[in-house]
Amino acid sequence: MRLHRLAVTAFGPFAGTAEIDFDELSQAGLFLIHGQTGAGKTSVLDAVCFALYGQVPGARNAVKGLRSDHAPPDVAPRAELEATVRGRRLRITRAPAWQRPKRRGSGTTTEQARVMVEEYVTGAWIGRSTRLDEAGDFIGRLLGMSADQFCQVAMLPQGDFATFLRSGAEERRRVLEKLFATEVFTEVERWLAERRTATHRAAGELRAAVESIADRIAETAGTERPEEAFVAWATELAGQFDAVRTAAESLLAEAATELDSARGAAERGRTLADRQRRHADAVRRRAALDGKAGERAELAARLEAAVRADRVMPLLRAVADRARRSEVTARQADEARSAVADLVPSGATEELLAAAERARRDEMAGLDRLRADAVRLARIDRDIDRARREGERLERQDAMLTAVLAELPGRVDELRAERADAERQAAARPGAVAAVDEADRRVMTAVRRDALDGELAAAEAAHRAAVDSAQELRDQVQELRQARLDGMAAVLAVDLSEGEPCRVCGSPDHPTPAAAHDVVPGDAEEERAQVAYEQAQAEREEAAARVAKLSADLDNARDLVGDRAVEALSAELAEAEAELDAIDAEIADSERLAAAVLDAEAELSQARDEREAVVRSLAENGTRLAELGGEVARLRDLLDRACGDDPTLEARVERLGREAALLHTAVETARRTDTAAQELADAGVAAERAAAEQGFDSAADAVRAALADDARAELAARVRSHETEEAAVGELLGDAELAEAAAAPSPDLGALEAALTTAEQVHMAVAGARDRARQRGARLAELRTELTDRVAAWRPAAERHAVASRLAGLTSGQPGVNRLNMRLSAYVLAARLEQVVAAANDRLARMSAGRYALAHTVDKAAGDRRGGSGGLGLRVIDAWTGRERDPVTLSGGESFITSLSLALGLADVVTAEAGGTEIGTLFVDEGFGTLDDDTLDEVMDVLDGLRDGGRAVGIVSHVGELRARIPAQLHVRKARTGSRLTTT
């Protein structure tokens, strides 16, 4: 990066616009920025950094006021920089946030920060960005370094590096972390610490799960849980329970054999007793069957007659059904004739009934066409009712609006009058504001007046001391000068030789050479006295100027407020503020009244519009009522003629429908009556014929022989019961096993059952013991499997925790794990510091004539309290003594060359770290006043070497010797109205 031009306006100490042509200054390769203390030399560097990054270096960035206090209130601060970065010519214009006067009214408003980045392409400037974040990202990526890195690389602040040289490891770590991207290593430390915590938690949870299962195993086995070797312990318990289960299985087999024997004996006894009982019961049942033989024959005869009657009964039921139907149809025919007696003549035939029905249905069809008119008439009636209600509502609304219109104009006039009064009272606000501002200014002036009294007294005392000091030093200079003049002849006489011409008169004869009576001062002594006098004179002039300024300020303050006390002026300020508050209240009331007037006027206009709409609606509603009334009259006349004697059209249609239905029923019932009589006669003949065929004398005999279903089922069941009983008894009496059992003695069932019960109890007890052993064994096997799985999951987790814990301890510098007691980020920074020290020693060797070299050490310093921050120690090796020294033991000049070497080395390393961005313009800020002439020569040689490759180096210093050594200069002059720049 090479700077071309910088222009600043209202920035720092520069009240107007100041411009620097770096191309002109850089032609010599080395240029000087000098001026009085506080003139603004460092502000030039601040402007460069601000234009690039929007911030200034170091602690000055915390002070947000970059705008010049000397500039007029309405002049905007601005910094414009032209530079070439990676071959691209850029122009960056940036303005900080500042308070500008309001364009209307009094006070100030905040003007936000702005930026504009342009690039010179093919002879024209092209805009690249006007957004702060976008411009910062664009410039940062192009330069390849952050603001902190740029300030360390391009501006070399020596004071910072003197502090860096003497500080502890923790302070060095904070500086290096800003310059080198070590966030990833810090993130690794944090991640490993979190990983250690997470793996510890996971391993603990898995260990707790293993112990939980082991507790359940101990509970199942009725024993205690061990602390380790869980799987072996569970395996041993499982073997013990397997042995118990095997013994229980053997006992259960013996009990099962005894149970089978007792169960067989009891079963044989029960079988013999049952056979003996069944044979005796069969003998009793045979005797009972022999006594019921006649009853069985009678039941069989009744069932046979009922079967023959069943063949006749369907026809007899058909006769009864036809008779009922004939009676029903005859009754329905009589009822239908009675219903139409008033509609047709008595004794009318079916043809007359049908004709009367057709006549009524034809009339109904004609009336159906008039139904639409009836529906329309009902709808019009509803419309008329709604129109009447709407007219009543509109009349009420018209009356209400008429009353509102009578009231609102007066209310509007009242509000307008109140608003005019409030506005007249508020017109006095500018005068009240001016009175408050004037009273406030008087209070501040009185406070400043009281402070100036003390400041002026102190300044006058300082001025008197400066005058005395300057006078004394002036006398010393004059005395030295006179002494030199007085001793000049003696000095020249020392160099005279016989025969050599005198340098004053040219004579080769020297009859009476002068002799020196006192020590003659030298040039250096006179020069030092002159410099001291000039500095004292400058301090005298500065003190006089301060006295004059304070005296003028005090006179101005007294002209404004006289000798009035601050308390009295503060009371006047409070009164003025109270009056302004009262006027502000009137203004607020005026605004409220203005809004009320607008609301009332809007309400009046709305009421007028609404009344006009209501009047129009009333007229339209009356017209519609007249139209609907005419249509109603026409439809009513038409429907009245169609209804005849009936009240409504629907009533007439309904009556005709009922009469047509009655006539239709009369015709149909007459036809059904004739048909039913004929069917009854045919069914009677068929029934008599079927009864004769089945052997009955008449149909009545068949009816008597018939049986109901439940009676027949009962008879059949009784017959089947006799037959089944005979077969069963015969089968039992013919069974050889039953006959053999009947001949055998009866068994002792009580003794056999007692023996079986005892065997079952023994078997149940042994089986229960076996089942409990089996269940516990199965539960132990299940828990042992689960335990094995849990242990298998826990062991790797414990191993992972051990690895994570060791790595976290290693990266965090934990003692006992990390033998260097260095965190990972500190280790990386230590490697960077080694590179910086190596680059710095190349220049320090030249500046110190080979005496000093920096050494990096990993030892933790005594003041470094934070753990893991070792590895950032610095020592100075003194080649003259062969010993290492602490940097704090270096003198001022030695500290300067060492810190300058360190800064240049760091610049080289950071530049390489940032991707090799070439810094074409470099600044070195202060520190040269501590060097002797020889060391200054060495330093200048090193700085001359920085110009290799076309790089320009700017030195910021007020050392007078440098003005003679460096012809290209930028002179910064300060004044009461702001600083100015001059290029030489």
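Residues numbered from 1 in each chain as written. Predicted model: local features only at pLDDT ≥ 70, side-chain atom pairs only at ≥ 80, totals over all residues. Heavy atoms only, no water.

Caption draft 1: Main features of the overall build of the protein chain. When its secondary structure is counted, the protein chain shows 23 helices and 16 strands. For the protein chain, buried positions account for 36% of its 984 residues. Taking as baseline every contact in the protein chain between residues at least 6 positions apart, the subset at least 24 positions apart corresponds to 75%. Split by element, the accessible area of the protein chain, about 54,900 Å² in all, is 52% carbon and sulfur. (Helix = DSSP H or I, 4+ residues; strand = E, 2+ residues; numbered from the N terminus. Buried < 20%, exposed > 50% of the residue type's maximum accessible area, 1.4 Å probe, protein only. Contact = heavy atoms within 4.5 Å. Areas by Shrake-Rupley, 256 points an atom, 1.4 Å probe, with all protein chains shown as cover.)

Caption draft 2: Structural detail: the environment of Leu663. Examined against the element boundaries, Leu663 turns out to sit in helix H15 (residues 649-693). Take Leu663: its relative accessible area is 0%, and that puts it in the buried class. With 320 residues separating them along the chain, Leu663 and Leu343 place their C-alpha atoms 8.5 Å apart. Here Leu663 is in contact with Val340, Leu343, Val344, Leu353, Ala356, Glu357 and Arg360, once residues within four sequence places are set aside.

Caption draft 3: Spotlight on the sheet that holds strand S15 (residues 969-973). Strands sit in the order S13-S14-S3-S15-S16 across an open sheet of five strands; the sheet is mixed. Two strands bound the open sheet, and with one partner strand each, they are strand S13 (921-925) and strand S16 (980-983). Going across the sheet, the axis of each strand differs from the next one's by a mean of 20°, ignoring polarity. Relative to strand S14 (residues 952-956), S13 is paired through five bridges, and the arrangement is parallel. Its bridge partner being in S14, Leu922 is matched across the sheet by Val953. Packed onto the sheet, helix H2 (residues 41-53) meets strand S3 (30-35), S13, S14 and S15 and runs at close to 120° relative to S3. (Pairing = 2+ DSSP bridges. Axes fitted to C-alpha atoms, helices over the stretch in contact; angles between N-to-C directions.)

Caption draft 4: Looking closely at helix H19 (residues 749-812). Compared with the 94 Å implied by 1.5 Å per residue over 64 residues, the 91 Å span of H19 between its first and last C-alpha is a close match. At the C-terminal side of H19, Gly813 shows a positive phi close to 75°. (Expected span 1.5 Å × (residues − 1).)

Caption draft 5: Geometry of the layout of surface pockets. Its volume calculated, the largest pocket comes out at about 1,400 Å³. Contributions of two or more residues to the lining of the largest pocket are made by S3, helix H13 (523-561) and helix H23 (960-965). Per element, the largest residue contribution to the lining of the largest pocket is 13 residues, and it comes from H13. The class makeup of the residues in the lining of the largest pocket is six nonpolar, twelve polar and twelve charged. (1 Å grid on protein atoms, 1.4 Å probe; cavity = no way out; pocket = protein on both sides within 12 Å on 5 of 7 lines; lining within 4 Å. Points joined across faces, edges and corners; volume = space filled by probe spheres on them. Nonpolar A, V, L, I, M, F, W, Y, C, P; charged D, E, K, R; others polar.)

Caption draft 6: Spatial organisation of the sheet that holds strand S10 (residues 852-857). Strand order in this open sheet of three strands is S10-S11-S12, and the pairing throughout is antiparallel. Looking at strand neighbours, the two that pair on one side only are S10 and strand S12 (883-885), the edges of this open sheet. Averaged over all neighbouring strand pairs, the angle between strand axes comes to 40°, with direction disregarded. Pairing analysis gives three bridges linking strand S11 (residues 873-878) to S12, with the strands arranged antiparallel. In the strand pairing of S12, Ile877 is matched with Glu884. The strands that helix H20 (residues 824-847) touches are S10 and S11; relative to S10, the one it contacts most, it runs at about 175°.

Caption draft 7: The arrangement of H2 in detail. Along its 13 residues, H2 runs 19 Å from first to last C-alpha, staying within 8% of the 18 Å computed at 1.5 Å per residue. Residues Lys41, Ser43, Val44, Leu45, Asp46, Ala47, Val48, Cys49, Phe50, Ala51, Leu52 and Tyr53 constitute the buried set of H2.

Caption draft 8: Seen up close, the pattern of salt bridges. Inspection of every chain in the model, using the stated rule, returns 24 salt bridges. Residue Arg5 is joined to Glu82 by a salt bridge in which the shortest nitrogen-to-oxygen separation is 3.2 Å. Of the two residues, Arg5 sits in strand S1 (residues 2-11) while Glu82 sits in strand S4 (residues 78-85), which places them 77 residues apart along the sequence. Here Arg5 matches Glu82 in class, with each residue buried. Note that Arg190 is salt-bridged to Glu194, the shortest N-O span being 2.1 Å. Taken together, the residues Arg190 and Glu194, both in helix H7 (residues 183-221) and four residues apart, mark about one turn of the helix. We classify Arg190 as partly exposed; its relative accessible area is 36%. (Salt bridge = Lys/Arg side-chain N within 4 Å of Asp/Glu carboxyl O.)

Caption draft 9: Inspection of a nonpolar patch on the surface at higher detail. Taken together, Val803, Leu807 and Leu810 make up a surface patch of nonpolar side chains, about 240 Å² in accessible area. Within the secondary structure, Leu807 sits in helix H19. (Patch = residues over 30% accessible without salt bridge, like charges linked within 9 Å, V, L, I, M, F, W, Y side chains within 5 Å.)

Caption draft 10: Inspection of the environment of Arg89 at higher detail. In this fold, Arg89 is placed in strand S5 (residues 88-95). Look at Arg89 and you get partly exposed, because its relative accessible area is 28%. Those residues in contact with Arg89, other than ones at most four positions away along the chain, are His4, Glu82, Ala83, Thr84, Glu118, Glu119, Tyr120 and Trp125. Of the polar contacts made by the side chain of Arg89, one reaches the side chain of Glu82; its length is 3.0 Å. (Polar contact = N/O pair within 3.5 Å; in protein donor to acceptor, adjacent residues only side chain to side chain.)

Caption draft 11: Quick look at the nonpolar core. The biggest cluster of nonpolar side chains holds 87 residues, and the ones touching the most others in it are Leu6, Phe22 and Leu52. The greatest single-element share of this core, amounting to nine residues, is contributed by H2. Ignoring anything within four residues of it in the chain, the contact list for Leu6 reads Ala18, Glu19, Ile20, Phe22, Val44, Ala47, Val48, Glu80 and Leu81. Of all hydrophobic cores here, the second largest spans 15 residues; its members include Phe230, Trp233, Leu783 and Val791. (Core = buried A, V, L, I, M, F, W, Y, C linked by side-chain atoms within 4.5 Å.)

Caption draft 12: Quick peek at empty space enclosed by the protein. In the structure shown here, the tally under the stated rule is one cavity of 30 Å³ or more. Of the pockets and cavities examined, the largest cavity occupies roughly 30 Å³. Leu6, Val8, Phe11, Phe14, Ile20, Ser43, Val44, Ala47 and Leu981 together form the lining of the largest cavity. Elements supplying a minimum of two residues to the lining of the largest cavity: S1, strand S2 (14-21) and H2.

Caption draft 13: Representation of the side chain of Thr93 in the model. Inspection of the secondary structure assignment puts Thr93 in strand S5. Excluding residues within four positions of it along the chain, Thr93 makes contact with Arg78, Ala79, Glu80, Arg114, Val115 and Met116.

Caption draft 14: Structural detail: the packing of aromatic side chains. Under the definition given, this model contains five aromatic pairs. Here a set of aromatic residues connected by ring pairs shows up, and it is made of Phe22, Phe31 and Phe923. One residue, Arg91, lies across the ring of Trp125, its end atom 4.4 Å from the ring centre. (Phe/Tyr/Trp six-rings, centres within 6.5 Å; stacked < 30°, edge-to-face > 60°. Lys NZ or Arg CZ within 6 Å of the ring centre and 35° of its normal.)

Caption draft 15: Up close: the environment of Glu601. When you line up the elements, Glu601 lands in helix H14 (residues 566-643). Residues Glu601 and Arg411, spaced 190 residues apart in sequence, show a C-alpha to C-alpha distance of 9.4 Å. Those residues in contact with Glu601 that sit more than four places away from it in its chain are Val412 and Arg416.

Caption draft 16: Region of interest: the pairing of S11. Judged from the six bridges that link them, S10 and S11 form a sheet pairing that is antiparallel. Looking at S11, one finds that Leu854 is bridged to Val876. Between S11 and S12, which pair antiparallel and follow one another directly, the connecting turn spans four residues, one of which, Gly882, has a positive phi of 75°.

Caption draft 17: The confidence of the model for the protein chain, seen in detail. Overall, the predicted model of the protein chain reaches an average pLDDT of 77, with 86% of residues at or above 70. Per-element averaging of pLDDT across the protein chain places helix H5 (residues 158-166) at the bottom with 61 and S5 at the top with 92. (pLDDT = per-residue confidence, 0-100.)

Caption draft 18: Layout of the side chain of Asp878. By secondary structure assignment, the location of Asp878 is in strand S11. We classify Asp878 as buried; its relative accessible area is 2%. Reaching out from Asp878, the side chain makes a polar contact with the side chain of Arg851 at a distance of 3.0 Å. In terms of polar contacts, Asp878 uses its side chain to reach the side chain of Arg885, at 3.3 Å. Ignoring sequence-local partners within four residues, the contact set of Asp878 consists of Arg851, Tyr852, Arg883 and Arg885.

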